[in-house]
Amino acid sequence: MFVLGRYTAGQTSNPRDLVPFVQAHTGSEPWSVCAFGATEHACVTAAAALGGHVRVGFENNLYLKDGRLAPDNAALVAQAADAARSLGRPLASAQDIRQHFGG
């Protein structure tokens, strides 16, 4: 998992932060991204566009892509799923995740 950002005041992740991780990844194993802050959605959408998997949730971000406070984790997951679908990326089931990432 590539982690963009961290818990600090004013810290904002940027989709460009993903570039060095993707360039350094030379293996065939799947990769995923999580991002901290209100730009989480832009970061995970970029990851999906580049072939990665994504992880979203209140642990890293409280805001929807339009800046409104997310009512729950499900809203963050739904907008990430919508972005993946718009890019033609299939959504993984829990079984798929266990198979690809172990667990």
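Since we're looking at a predicted model, the values are computed, not measured.

**Student:** Mind laying out the packing of helix α2 (residues 40-49) against helix α3 (residues 73-86), listing which residues take part and the relevant values?
**Tutor:** The interhelical angle for the contact between α2 and α3, taken along N-to-C directions, is 35°, at an axis separation of 10 Å. Relative to α3, the crossing made by α2 is right-handed. Contact residues: α2 offers Glu40, His41, Val44 and Thr45, while α3 offers Leu76, Gln79, Ala80 and Ala83. When grouped by side-chain class, the residues that make up the contact of α2 with α3 number four nonpolar, three polar and one charged.

**Student:** An account of the pairing of strand β2 (residues 32-35) is requested, with residue identities and associated values reported.
**Tutor:** Residues Ser32 and Cys34 line one face of β2 and the alternating positions Val33 and Ala35 line the opposite face, and both faces are buried. Pairing of strand β1 (residues 2-4) with β2 involves three bridges; the strand directions are parallel. Each residue of the ladder has a partner; that of Val3, found in β2, is Cys34. Bridge count between β2 and strand β3 (residues 53-54): two bridges; the pairing is parallel. Paired with Ser32 across the two strands is His53, which belongs to β3. Read as a crossover between parallel neighbours, the route from β2 over α2 to β3 is right-handed.

**Student:** Give me the pattern of salt bridges: which residues, what numbers.
**Tutor:** Counted by the stated rule, this structure contains three salt bridges. The closest approach of N and O atoms between Arg85 and Asp82, which form a salt bridge, is 2.9 Å. Remark: Asp82 and Arg85 occur in helix α3; sequence separation between them is three residues, near one turn of the helix. In this structure Asp82 comes out as partly exposed when scored by relative accessible area, which is 47%.

**Student:** Describe the packing of aromatic side chains, with residues and values.
**Tutor:** Enumeration over the complete set of coordinates arrives at two aromatic pairs. Summarising the aromatic geometry, the rings of Phe2 and Phe21 are spaced 5.0 Å apart at their centres and angled 25° between planes, so their arrangement reads as stacked. Of the two residues, Phe2 sits in strand β1 while Phe21 sits in helix α1 (residues 19-24), which places them 19 residues apart along the sequence. In this structure Phe21 comes out as partly exposed when scored by relative accessible area, which is 31%.

**Student:** Lay out the sheet that holds β2 with the relevant residues and their values.
**Tutor:** Strand pairing in a sheet takes place through backbone hydrogen bonds and is either antiparallel or parallel in direction. Ordered by their spatial adjacency, three strands build an open sheet running β1-β2-β3, and the pairing between neighbours is parallel. Every interior strand has two partners, whereas the edge strands, β1 and β3, have only one.

Definitions and cut-offs
- Starting afresh in each chain, residues are numbered from 1 along the sequence in its written order.
- In keeping with the predicted nature of the model, local features appear solely for residues at pLDDT of at least 70, side-chain atom pairs appear and are counted solely at 80 or more, and the whole-chain, interface and lining totals rest on all residues.
- The basis for every side-chain value is the complete set of non-hydrogen atoms in the structure, without hydrogens or water.
- Where helices are involved, their axes are fitted lines through C-alpha atoms of the stretch in contact, as for all axes, and angles between N-to-C directions lie from 0 to 180°.
- By the criteria applied, helices consist of DSSP H or I runs no shorter than four residues and strands consist of E runs no shorter than two, each listed in order from the N terminus.
- For any helix crossing, the convention is left-handed if the near helix is rotated counterclockwise from the far helix by under a right angle, and right-handed if that rotation is clockwise.
- Here a residue-residue contact requires only that any non-hydrogen atoms of the pair lie within 4.5 Å.
- For this scheme, ten residues count as nonpolar: Ala, Val, Leu, Ile, Met, Phe, Trp, Tyr, Cys and Pro. Four count as charged, namely Asp, Glu, Lys and Arg, and the remainder, Gly too, count as polar.
- Note on classification: 1.4 Å probe, protein chains only; a residue is buried when its accessible area is under 20% of the maximum for its type, exposed when over 50%, partly exposed between these limits.
- Strand pairing is assigned whenever DSSP detects at least two bridges linking the two strands.
- Place the viewer so that the strands point away; then a crossover is right-handed whenever the path from the first strand over the helix to the second strand goes clockwise.
- A side-chain nitrogen of Lys or Arg and a carboxyl oxygen of Asp or Glu constitute a salt bridge if their distance falls within 4 Å.
- We call Phe, Tyr and Trp rings a pair once their centres come within 6.5 Å, taking the six-membered ring for Trp, and we label the pair stacked below 30 degrees between planes, edge-to-face above 60, and tilted otherwise.

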